[in-house]
Amino acid sequence: MVLLHVLFEHAVGYALLALKEVEEISLLLPQVEECVLNLGKFHNIVRLVAFCPFSSSQVALENANAVSEGVVHEDLRLLLETHLPAKKKKVLLGVGDPKIGAAIQEELGYNCQTGGVIAEILRGVRLHFHNLVKGLTDLSACKAQLGLGHSYSRAKVKFNVNRVDNMIIQSISLLDQLDKDINTFSMRVREWYGYHFPELVKIINDNATYCRLAQFIGNRRELNEEKLEKLEELTMDGAKAKAILDASRSSMGMDISAIDLINIESFSSRVVSLSEYRQSLHTYLRSKMSQVAPSLSALIGEAVGARLIAHAGSLTNLAKYPASTVQILGAEKALFRALKTRGNTPKYGLIFHSTFIGRAAAKNKGRISRYLANKCSIASRIDCFSEVPTSVFGEKLREQVEERLSFYETGEIPRKNLDVMKEAMVQAEEAAAEITRKLEKQEKKRLKKEKKRLAAMALASSENSSTPEECEETSEKPKKKKKQKSQEVPQENGMEDPSVSFSKPKKKKSFSKEELVSSDLEETAGNVSLPKRKKSFPKEEPVSDLEESGNKSVPKKKRKLSKEETLSSGPEEPAVAKNSGSKKKKKLRKLSQQD
């Protein structure tokens, strides 16, 4: 009896389920469809054998990519080898995707089945999966599916995030569409304005120039010698301008009303603007091709190279194509028609628009197209997989095609491919070194600008932070001057300034004014000498007593005495002590006279 197992891939892991009553299930499909909706009946049919959860979202993404590509992942291999029976001939594995089924059958040897009853069973498993696995809820399963779907889609489009060949595909498609539209609109302008001035069609062949002239001339009866210079500017040919002027005087066209002329002129202006936009778009396409595929554009031209990329889907796809596919790319209908009718296959497709095939003789067109397709395939691979894009290889390949074309015409033997590629490698290395040098210079300039900008920002921030400090300093300076002045005033007058308040760290004995005056009189009357006063004070008094004396509440006279004595007591400055003593004597005499 063959055992039927079903493999189910979910966002949380792989599940392997075994089916009961295989023969009945295979015979009664309508009953299976009914049992799928009922959980109880579905449990009687399906039994969970093994469940292998994914350890992380990255592992889930890897397994999803492997399943989509038809590759057996190591996790899936381990699950099947562990939980399926050893006798492979008695096992039938049901899978949902035929690609992964073929891969399993090829690598592991298990017979796989898809479709039919397997699809119904998988539908029921998908519906009741959160009930089959313990610990899995419907909400967590939905979250896992959503996260895996987002990461899978992001990984699929990741290759196109920074690829600019998409812009080339859109540009060449728009360019071809614009060519068709401009051609159609120009023919409409020729037909419309030809009723009024039919001779102009034979003189002017270019569509854009015809639309500009129709917009400028308007009514042909108003054309005169004054407008001849402007006509020469538009036609860039004096003979044509003179022919237009002569034809306008003897034209057989019908008269036209002003409102009709206004509509013709407005439509002509739109056609002119479209042609100008077409030129700017062509310039944009050339710049893009020189950045993305410089070798291919140098070999076959920007327009033909862009058409090849657009037809292949991307530059990577074009690089994967063999030269035989590149040769007939764009001629698929003719190829399949020839295969169907057993006729001659086409010799060239899109590369027919290249100048090489047009220059070759009729008998050599197939040869040169095959050779050109070979070189185009090489150039596309170089552009796709080279780190530094350069047009050196494209120019060398173009020289080879030129030499082969001259060989077909004159018989001159061309150079060998090995010699040409050696020269190209040397030049490509030099070009790559120059490009890297330019990039390094640009990076250095950018870093210098960045440093200057950061330095300017730091300077501005430091100036902003220093302005309030400078204001505080300027506001403090006059205060200090005021304090100094207030200290000088009592020194001159011998009296305290009540506005200046001194801190009192320690309580000192306060003297009354009468005692101070009497002591001053006694000192002056007795002619007390300074040395004796020196002896009365201890020598161990530090110089810092000047600051303490400033904080005392005693009069300035006492403070001056102490200062004089402390300064005179220093052994290193005798001259300063004498000068200060003489000054003090004079001040004491003045004070006694005032008293």
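Residues numbered from 1 in each chain as written. Predicted model: local features only at pLDDT ≥ 70, side-chain atom pairs only at ≥ 80, totals over all residues. Heavy atoms only, no water.

Quick reminder of the rule: UniProt positions are given in the numbering used here, feature names are shortened, and annotations may be inferred rather than shown by experiment.
Labelled according to an unreviewed UniProt entry, the protein appears under the name Nucleolar protein 56, originating from Vicugna pacos. Under the heading Sequence similarities (unreviewed entry), UniProt records this for the protein: "Belongs to the NOP5/NOP56 family." Regarding the protein, the relevant UniProt record gives this comment under Subcellular location (unreviewed entry): "Nucleus, Nucleolus".

Some remarks on helix H14 (residues 258-292)
Going by this rule: Numbering goes from the N terminus for both helices and strands, where a helix is a DSSP run of H or I of at least four residues and a strand is a run of E of at least two. Here the expected span of a helix is defined as 1.5 Å times the quantity of residues minus one. Under the scheme applied here, a residue whose accessible area is under 20% of the maximum for its type counts as buried, over 50% as exposed, and between as partly exposed, the area being computed with a 1.4 Å probe on protein chains only. Contacts between residues were defined by any pair of non-hydrogen atoms, one from each residue, lying within 4.5 Å.
Helix length check: H14, at 35 residues, gives a terminal C-alpha distance of 51 Å against a target of 51 Å (1.5 Å per residue), a fit within 8%. Every buried residue of H14 is listed here: Leu261, Ile264, Ser268, Val271, Val272, Ser275, Leu281, Leu285, Lys288, Met289 and Val292. On its buried side, H14 packs onto helix H9 (165-194), helix H11 (207-217), helix H15 (294-300), helix H16 (302-312), helix H17 (315-320) and helix H21 (365-385).

Re the side chain of Gln400
Residue position: Gln400 is located in helix H22 (residues 392-410). Those residues in contact with Gln400, other than ones at most four positions away along the chain, are Tyr371, Lys375, Lys416, Asn417, Val420 and Met421.

Here's the deal with the environment of His73
Note the following rule: Polar contact is defined as a pair of N or O atoms within 3.5 Å, subject to the rule that within protein one atom must be able to donate a hydrogen and the other to accept it, and that residues adjacent in sequence are counted only when both atoms are side-chain atoms.
Its location among the elements puts His73 in the loop between helix H4 (57-69) and helix H5 (74-83). Apart from the residues lying within four places of it in its own chain, the contact partners of His73 are Tyr14, Glu62, Asn63 and Ala66. A polar atom in the side chain of His73 sits 3.2 Å from the side chain of Asn63.

Description of a nonpolar patch on the surface
To keep things clear, this is the line we draw: Patches were defined on residues exceeding 30% relative accessible area and lacking a salt bridge, with like-charge contacts within 9 Å and nonpolar side-chain contacts (Val, Leu, Ile, Met, Phe, Trp, Tyr) within 5 Å. All accessible-area figures derive from a Shrake-Rupley calculation using a 1.4 Å probe, and residue coverage is judged against the displayed protein chains alone. Criterion for a salt bridge: a side-chain nitrogen of Lys or Arg within 4 Å of a carboxyl oxygen of Asp or Glu.
Together, Val164, Met167 and Tyr284 give the surface a local cluster of nonpolar side chains, amounting to about 240 Å² of exposed area. Within the secondary structure layout, Val164 lies in the loop between helix H8 (138-157) and H9. Relative accessible area serves as the criterion here: at 32%, Val164 is assigned to the partly exposed category.

Regarding a positive patch on the surface
Heads up, the rule is: Only four residue types enter the charge count: Lys and Arg as positive, Asp and Glu as negative, with His and the chain ends excluded. A single reference atom marks each charge: NZ on Lys, CZ on Arg, CG on Asp, CD on Glu.
A cluster of basic side chains, namely Arg437, Lys441, Lys444, Lys445, Lys448, Lys449, Lys451 and Lys452, defines a positive patch on the protein surface. On the basis of relative accessibility, which here comes to 52%, the residue Lys441 falls in the exposed class.

A look at the pattern of salt bridges
A full pass over the atoms with the stated rule returns 18 salt bridges. One salt bridge in this structure joins Lys242 and Glu225, with 3.9 Å as the shortest N-O distance. Placement of the pair is Lys242 in helix H13 (residues 238-249) and Glu225 in the loop between H11 and helix H12 (228-235), with a sequence separation of 17 residues. For Glu225, a relative accessible area of 42% gives the class partly exposed. The closest approach of N and O atoms between Glu225 and Arg249, which form a salt bridge, is 2.9 Å. Residue Glu225 is found in the loop between H11 and H12, and its partner Arg249 is found in helix H13; the two are separated by 24 residues along the sequence. One salt-bridge network, held together by shared partners, links Lys396, Glu399, Glu403, Arg415 and Glu423.

So, the packing of H14 against H16
What counts, and what does not: Whenever a helix is involved, its axis is fitted only over the stretch in contact; in every case the axis is a line through C-alpha atoms, and angles between N-to-C directions fall within 0 to 180 degrees. Here the angle decides the label: under 35 degrees means roughly parallel, over 145 means roughly antiparallel, 65 to 115 means roughly perpendicular, and every other value means oblique. Lys, Arg, Asp and Glu make up the charged group, whereas Ala, Val, Leu, Ile, Met, Phe, Trp, Tyr, Cys and Pro make up the nonpolar group; the residues left over, Gly among them, are polar.
Viewed as axis vectors pointing N to C, H14 and H16 meet at an angle of 70 degrees, and their least axial separation amounts to 10 Å. Judged by the angle between their axes, H14 and H16 are roughly perpendicular. Two secondary-structure elements touch here, H14 through Leu285, Arg286 and Met289 and H16 through Glu302, Gly305, Ala306 and Ile309. When its residues are assigned to classes, the contact of H14 with H16 shows 4 nonpolar, 1 polar and 2 charged.

Description of the confidence of the model for the protein
Put simply, the rule is: Confidence of the predictor at the level of single residues is given by pLDDT, which spans 0 to 100.
A residue-level look at the protein finds 76% of positions with pLDDT of 70 or above and a mean pLDDT of 78. pLDDT under 50 marks residues 471-518. Its contacts with residues more than four places away, or in other chains, come to 25 contacts. Contacts of residues 520-578 to residues separated by more than four positions or lying in other chains number 55 contacts, the stretch itself having pLDDT below 50.

Re the nonpolar core
For clarity, the cut-off: For the purposes of this section, nonpolar cores are sets of buried Ala, Val, Leu, Ile, Met, Phe, Trp, Tyr and Cys residues that join through side-chain atoms within 4.5 Å.
Core analysis: the biggest nonpolar cluster contains 47 residues, and Leu296, Leu299, Ile300, Ile309, Leu318, Ile368 and Leu372 have the highest contact counts within it. When near neighbours in sequence (up to four residues on either side) are disregarded, Leu299 contacts Phe356, Leu372, Lys375, Cys376, Ala379, Gly394, Leu397, Arg398 and Val401. If you look at the next biggest cluster of nonpolar residues, it comprises 25 residues, including Val59, Val67, Leu76 and Val91.

Here we look at the environment of Leu274
Here Leu274 is to be found in helix H14. Overall, Leu274 belongs to the partly exposed group, its relative accessible area being 25%. Considering only alpha carbons, one finds Leu274 and Ile182, 92 residues apart in sequence, at a separation of 7.0 Å. In this structure, Leu274 is in contact with Leu178, Ile182 and Phe185, ignoring residues within four places of it in sequence.

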